[in-house]
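Structural overview for review
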Amino acid sequence: MKYVYGPVKSRRLGFSLGVSTVPYKVCSFDCVYCQLKETTRKTLTRKTYLKTSEILEELRTFFTHRPKDVRLDYVTFSGAGEPTLHRGIGRILKAVRRMSPVPVVVITNASTLMQERVRRDLLDADIVIPSLDAVTQDVFEKIDRPVGNMRIEDVIEGLKQFRRVYGGKMWLEIMLVRGINDSVPYLELLKKTADEIGPDRVQINAPVRPPALPWVKVPTKSTLSAAKKIFGKKCDVVC
Ligand code: SF4
């Protein structure tokens, strides 16, 4: 299989079947903490990067031949870049839901949610895990290094608009990088914006795997505890 892998065990999602919808590494961001290393094709253009029919064929093959004793908790769209850049993702999500009752998850950097079409495409996911690492333009550019002149306020607005129409679970992921977005005042700004978006859970993460850039450091334990306290009951530290 080229586009479907696993099931692999993950900290948050148990045993999860991964699905790639874009080749390595097509992404609208080039995050300094990315474990996949540097983005080779930074773009916001949505297109059929990988053939929809081939992705669906692999999923069909998996579900047809899946041994009954193989545990599977989720089908997860993430892969080697930003999955929502595949313009057929809505069709793929609908098809996978017809193939299996296993809940479907989309992990996204949220950069495309400002597009109404993407918000509609993701309505079929059971869980969407969007990320939000910054609430100010300077930190956004420092951590996520977005394509072109993308504005963080547009990303946040896309998240809010998506939350208004989406009936599934939204787990907002915040990656904290030491010295960049982990000060108490900045955590409070992130919390305020998270409250305005209204996710079901907030997941605080840290770059524990080797990052794209060597200067990227994990926040201290006391910072992670402070973050948990600031974000409150809805928050899990997942690193
Ligand atoms: S959005 Fe995800 S895939 Fe893209 S650079 Fe950031 S961490 Fe890597």
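The structure we're discussing is the one just above.
Parameters at a glance
Residues numbered from 1 in each chain as written. Predicted model: local features only at pLDDT ≥ 70, side-chain atom pairs only at ≥ 80, totals over all residues. Buried ≥ 20, exposed ≤ 12 C-beta atoms within 10 Å, placed from the backbone. Helix = DSSP H or I, 4+ residues; strand = E, 2+ residues; numbered from the N terminus. Arc of directions from axis to C-beta. Contact = placed C-beta atoms within 7 Å. Core = buried A, V, L, I, M, F, W, Y, C linked by C-beta atoms within 7 Å. Pairing = 2+ DSSP bridges. Axes fitted to C-alpha atoms, helices over the stretch in contact; angles between N-to-C directions. Nonpolar A, V, L, I, M, F, W, Y, C, P; charged D, E, K, R; others polar. Near = placed C-beta within 6 Å. Right-handed = clockwise from strand over helix to strand, strands pointing away.

A few words on helix H2 (residues 89–99). Where H2 is concerned, the buried positions are Ile-89, Ile-92, Leu-93 and Val-96. Each buried residue of H2 lies within a common arc of 100° when the element is viewed along its axis, so the set occupies one face. If you follow the buried residues of H2, they end up packed against helix H1 (52–65), strand S5 (74–77), strand S6 (104–108) and helix H3 (116–121).

With that out of the way, let us pick up the nonpolar core. Val-19, Val-105, Leu-159, Ile-174 and Val-177 are the most contacted members of the largest nonpolar core, which totals 64 residues. If you tally residues by element for this core, the top one is helix H5 (residues 152–165), at 5 residues. If near-sequence neighbours (up to four positions away) are discounted, Ile-174 is found in contact with Leu-132, Asp-133, Leu-190, Val-202, Ile-204 and Asn-205.

Here we come to the environment of Glu-54. The topology assignment puts Glu-54 in helix H1. For the pair formed by Glu-54 and Tyr-3, sequence separation is 51 residues and the distance between their alpha carbons is 8.3 Å.

Quick look at the sheet that holds S6 now. Strands sit in the order S1-S2-S5-S6-S7-S8-S9-S10 across an open sheet of 8 strands; the sheet is mixed. Two strands lie at the open edges of the sheet, namely strand S1 (4–10) and strand S10 (235–237), each paired on one side alone. Between one strand and the next, the sheet's axes are offset by a mean angle of 25°, whatever the strand orientation. Bridge analysis of S1 against strand S2 (residues 14–19) gives 5 bridges, and the strand direction is antiparallel. By the bridge assignment, Val-4 is partnered in S2 with Val-19.

Another aspect to go through is the packing of H5 against helix H6 (residues 184–197). Where H5 contacts H6, the two axes come as close as 9 Å, and the packing angle between them is 35°. Seen from H5, the contacting residues are Ile-156, Leu-159, Lys-160 and Arg-163; seen from H6, they are Thr-193, Glu-196 and Ile-197. Split by residue class, the contact of H5 with H6 holds 3 nonpolar, 1 polar and 3 charged.

This part is about the site of the ligand. Around the ligand sit Cys-27, Phe-29, Asp-30, Cys-31, Cys-34, Leu-36, Thr-39, Gly-81, Glu-82 and Asn-109, and those are all the residues in its vicinity. Classifying every residue of the shell around the ligand by side-chain character gives 5 nonpolar, 3 polar and 2 charged.

With that settled, consider unusual backbone geometry. Gly-6 connects to Pro-7 through a cis peptide bond whose omega is 5°. Structurally, the position occupied by Pro-7 is in strand S1. The backbone of Lys-37 shows a phi angle near 75°, a positive value even though the residue is not glycine. Relative to the helices and strands, Lys-37 resides in the loop between strand S3 (26–27) and strand S4 (41–42). Of note, Arg-145 is a non-glycine position whose phi angle comes to about 40°, a positive value.

What follows concerns the pairing of S5. Judged by which residues are buried, S5 turns out to be covered on both faces: Tyr-74 and Thr-76 on one side and Val-75 and Phe-77 on the other are all buried. As paired strands, S2 and S5 are joined by 4 bridges and run parallel to one another. Bridge pairing in S5 places Leu-17 opposite Val-75. Of the pairings in the sheet, the one linking S5 to S6 comprises 3 bridges and is parallel in character. Within S6, the residue paired with Thr-76 across the bridge is Val-105. Between S5 and its parallel partner S6, the chain crosses via H2, and the hand of that crossover is right-handed.

Spatial relationships are all this shows, so hold off on functional conclusions.
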